[in-house]
Amino acid sequence: MPSGQHKRRRFTIIGEHPVSEFGKLELKDRFDLMVIGGGSAGFAAAIRGAELGFSVALVEADTIGGTCVNIGCIPSKTLIRAVEAHHQAGGKRFRGIETLQGRIDWPQVLAHKDELVLELRQTKYTDVLAAYPDIAYFRGRARLTGNNRVDVDGRGYTASKIIIATGAKPWAPPIPGLDEVPYLDSTSALDLQPLPTSMIVLGANAVGLELAQLYARAGTKVTLIEVLPSIAPFEDPAISAALRGYLEGEGLHVVTRFMTRVVAKPNGHYLVTGSSGDAERTFEAEQLLVATGRRANTAGLGLEEAGVGLGERGEILVDDRLQTHNPFVYAAGDVIGKDMFVYVAAYGGMLAAENALTGAARTYDASYIPRLTFTDPQIASAGLTEDRARQLGYDVKVSTLPMGQVPHAQAGRDPRGLIKLVADAATDRLLGAHILASNAGEMIQTAVLAIRFGITVGELRETMFPYLTSSEGLKLAAIAFEKDLAMLSCCAG
Ligand SMILES: Cc1cc2nc3c(=O)[nH]c(=O)nc-3n(C[C@H](O)[C@H](O)[C@H](O)COP(=O)(O)OP(=O)(O)OC[C@H]3O[C@@H](n4cnc5c(N)ncnc54)[C@H](O)[C@@H]3O)c2cc1C
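The next subject is the overall build of the protein. In terms of helices and strands, the protein carries twelve helices and 23 strands. Against the globule reference of 23 Å for 493 residues, the protein gives a C-alpha radius of gyration of 24 Å, in line with a compact fold. If one aligns the C-alpha atoms of the protein with their principal axes, the spans along those axes are about 70 × 60 × 45 Å. Expressed as a percentage of its 493 residues, the buried residues of the protein come to 51%. Within the protein, residue pairs in contact and separated by at least 24 positions form 62% of the contacts whose partners lie at least 6 positions apart. Approximately 22700 Å² of the protein is accessible, and the part contributed by carbon and sulfur atoms is 52%.

See the structure below:
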């Protein structure tokens, strides 16, 4: 049922959190579905449950909306866009166009970011919840106390089915000395004042890369350290190598294959000591950001007692219908320890609710999930890398196109990046797409549809793409499987 058709429920606001109009007097203690965690996965699950006509309770221990709106996607992306505007000012991309770079008023930038977070938390979570009268919202910490029992801050409830959507939190490796210094994580790094003069970023996967470039563009001298051989280590090697070059071109100091041995803060500055090969090196900076991954929030939830199995990293183990080892309990979102993107969390929440409540057997399909890193240029990929496709035994064919050959990039004087398509030579089906481009995130969706719906390289080639768009690059890359692009006239024709 569209949300507009719902009867609006009155809310009492306690602090910034809504509580149902019954507040603590909510008499109901039995629900068809209890969802633990009020982030994107939890919201999607609760809304789907209510849409299907079931009574639903949604329990959130902290701030409504969870990671994405409060401490993840929204604050990070608006800060990235803000410093991008600063970075581009004063650039010399277009002959005859002179722009000047002004100063950064960082407290204003952070305040503007906070306003957006507040606005979107209100409109996308608090107001949306108000439109679903069949969802009871509890502010409290939940734990399982039996097959169908949930305790919320000392009060017990019964639920026919339970969905755990408690998300994940920043994780740091056990590096000697790290516990003894107050380092930044992805949350505190989005609220840091004043702007530091120098920063070491440990970890060069999506979060580390985004924040490293953000601070470098704001004027901080950044050293980016990665233990693996390349930055963006799970992407196609050509993309990792090209991005490294662009970041170094902007002044970031990038160090790979670096095993950190010890961290200290003897005189107000952080010292990170370790080795790459035989040589021991120490890096020094005013701030240290640890961006070495996220781990599932599963501690204290009573999961083991409830027969919910956990993996080595504390993630909830689920089958392909998102059911845990306990048949009454499902899990979705970051808490299952993989594909940590907000749209995957929402997809999982919805799917878990349908499977739990209706007995549907919808399976979790990860084959086409778009993976994005919001650096500039952005990384966007979907499907299989060339290496993975070969490991799986495909007869692989590959096409690589520098963005400099895409008319949109030529006209915009931004030739940075490349497109790499991976296809099955036997069937001509697209297996994977890997893009490094200023707006790769917009381009990847064409490839996502192609991978999901089995579209062939030939079909991509024969489809019209609007001229002078970056997505046209995908058509050009499809043509480049069999034709020299120098032989083409305008419009990929
Ligand atoms: C810096 C950063 C940038 C990101 N950028 C992007 C991006 O641009 N695009 C993108 O797609 N993804 C991005 N992500 C990832 C995205 O934010 C997450 O994948 C998504 O928010 C996960 O949603 P979730 O519902 O699984 O968990 P969460 O949103 O974390 O929600 C879990 C909720 O459960 C609550 N909870 C925990 N334990 C309990 C308990 N016992 N009882 C009750 N409640 C509990 C928590 O308080 C939390 O609110 C980013 C993440 C970070 C950290």
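On the surface, a cluster of nonpolar side chains totalling about 410 Å² of accessible area is made up of Val227, Leu228, Phe234 and Met259. Counting through the fold element by element, valine 227 comes out in the loop between β11 (221-225) and α6 (237-249).

Attention now moves to helix α10 (residues 440-452). Between its first and last C-alpha, α10 extends 18 Å over 13 residues, near the 18 Å set by a 1.5 Å rise per residue. Its buried side turned inward, α10 meets β19 (371-373), β20 (378-383), β22 (418-424), β23 (430-437) and α12 (472-479).

Our focus in this paragraph is the packing of helix α3 (residues 73-88) against helix α4 (residues 106-130). One can describe the packing of α3 onto α4 by two numbers: an axis separation of 9 Å at closest approach and a directional angle of 140 degrees. Judged by the inter-axis angle, α3 sits oblique to α4. Crossing of α3 against α4: the hand is right-handed. Contact residues: α3 offers Ile74, Pro75, Thr78, Leu79, Ala82 and Val83, while α4 offers Trp106, Val109, Leu110, Lys113, Leu116, Val117 and Leu120.

All right, on to the site of the ligand then. Around the ligand lies a shell of 36 residues, among which Ala41, Glu60, Thr67, Asp334 and Val342 are the nearest. Within the backbone of alanine 61, one N or O atom sits 3.1 Å away from a nitrogen atom of the ligand. Measuring from an oxygen atom of the ligand, one finds a side-chain N or O atom of aspartate 334 at 2.8 Å. Secondary structure elements with two or more residues in the shell around the ligand: α1 (40-51), β4 (56-60), α2 (66-71), α3 and α7 (342-358). Element by element, the count of residues in the shell around the ligand is highest for α2, at four residues. Counted by class, the shell around the ligand contains 16 nonpolar, 14 polar and six charged residues.

Counting 58 residues, the largest nonpolar core has Met34, Ile135, Leu144 and Ile164 as its most contacted members. Among the elements that line this core, the one with the most residues is α7, at seven residues. Setting aside residues no more than four positions away along its own chain, isoleucine 164 makes contact with Ile36, Leu144, Leu301, Leu303, Ile316, Val329, Tyr330, Ala331, Ala332 and Val335. With 34 residues, the next largest nonpolar core counts Met199, Leu211, Ala216 and Ile231 among its residues.

Strand order in this open sheet of three strands is β13-β14-β15, and the pairing throughout is antiparallel. Edge strands, defined here as strands with exactly one partner in the open sheet, are β13 (259-264) and β15 (279-285). When the angles between neighbouring strand axes are averaged without regard to direction, this sheet yields 20 degrees. The pairing of β13 with strand β14 (residues 270-276) spans five bridges and is antiparallel. Looking at β14, one finds that valine 262 is bridged to threonine 273.

Turning to the pairing of β11, a few remarks are in order. With four of five residues buried, β11 is to be regarded as a mostly interior element. Strand direction decides the pairing type here: strand β10 (residues 198-202) and β11, joined by five bridges, are parallel. From the neighbouring strand, valine 201 faces β11, where its bridge partner is leucine 224. In this fold, the crossover linking β10 to β11 by way of helix α5 (residues 206-217) has right-handed handedness. Note that β11 and strand β12 (residues 253-255) share three bridges and pair parallel. Looking at β12, one finds that isoleucine 225 is bridged to valine 255.

Now for the pairing of β10. Counting buried positions over the five residues of β10 gives five, a clear majority of the element. Pairing of β10 with strand β16 (residues 287-290), which is carried by four bridges, proceeds in the parallel orientation. What sits directly across from valine 201, in β16, is leucine 289.

This part is about the sheet that holds β19. Taking strand neighbours across the sheet as the criterion, the five strands line up as β19-β20-β23-β22-β21 in an open arrangement whose pairing is antiparallel. In this open sheet, the two strands that pair with only one neighbour each are β19 and β21 (396-402). Each strand of the sheet is rotated relative to its neighbour by a mean of 10 degrees, with strand direction disregarded. Strand direction decides the pairing type here: β21 and β22, joined by seven bridges, are antiparallel. Within β22, the residue paired with lysine 397 across the bridge is alanine 423.

A complete count under the given rule lists one disulfide for this structure. Disulfide pairing places cysteine 68 opposite cysteine 73 at an S-S distance of 2.2 Å. A torsion of -130 degrees about the S-S bond marks the disulfide between cysteine 68 and cysteine 73 as left-handed. Looking at cysteine 73, the relative accessible area reads 26%, which means it is partly exposed.

Scoring rules and cut-offs
- Residues numbered from 1 in each chain as written.
- Predicted model: local features only at pLDDT ≥ 70, side-chain atom pairs only at ≥ 80, totals over all residues.
- Heavy atoms only, no water.
- Helix = DSSP H or I, 4+ residues; strand = E, 2+ residues; numbered from the N terminus.
- Rg over C-alpha atoms; globule rule 2.2 N^0.38 Å.
- Buried < 20%, exposed > 50% of the residue type's maximum accessible area, 1.4 Å probe, protein only.
- Contact = heavy atoms within 4.5 Å.
- Areas by Shrake-Rupley, 256 points an atom, 1.4 Å probe, with all protein chains shown as cover.
- Patch = residues over 30% accessible without salt bridge, like charges linked within 9 Å, V, L, I, M, F, W, Y side chains within 5 Å.
- Salt bridge = Lys/Arg side-chain N within 4 Å of Asp/Glu carboxyl O.
- Expected span 1.5 Å × (residues − 1).
- Axes fitted to C-alpha atoms, helices over the stretch in contact; angles between N-to-C directions.
- Parallel < 35°, antiparallel > 145°, perpendicular 65-115°, else oblique.
- Left-handed = near helix turned anticlockwise from the far one by under 90°.
- Near = heavy atom within 4 Å.
- Polar contact = N/O pair within 3.5 Å; in protein donor to acceptor, adjacent residues only side chain to side chain.
- Nonpolar A, V, L, I, M, F, W, Y, C, P; charged D, E, K, R; others polar.
- Core = buried A, V, L, I, M, F, W, Y, C linked by side-chain atoms within 4.5 Å.
- Pairing = 2+ DSSP bridges.
- Right-handed = clockwise from strand over helix to strand, strands pointing away.
- Disulfide = S-S within 2.5 Å.

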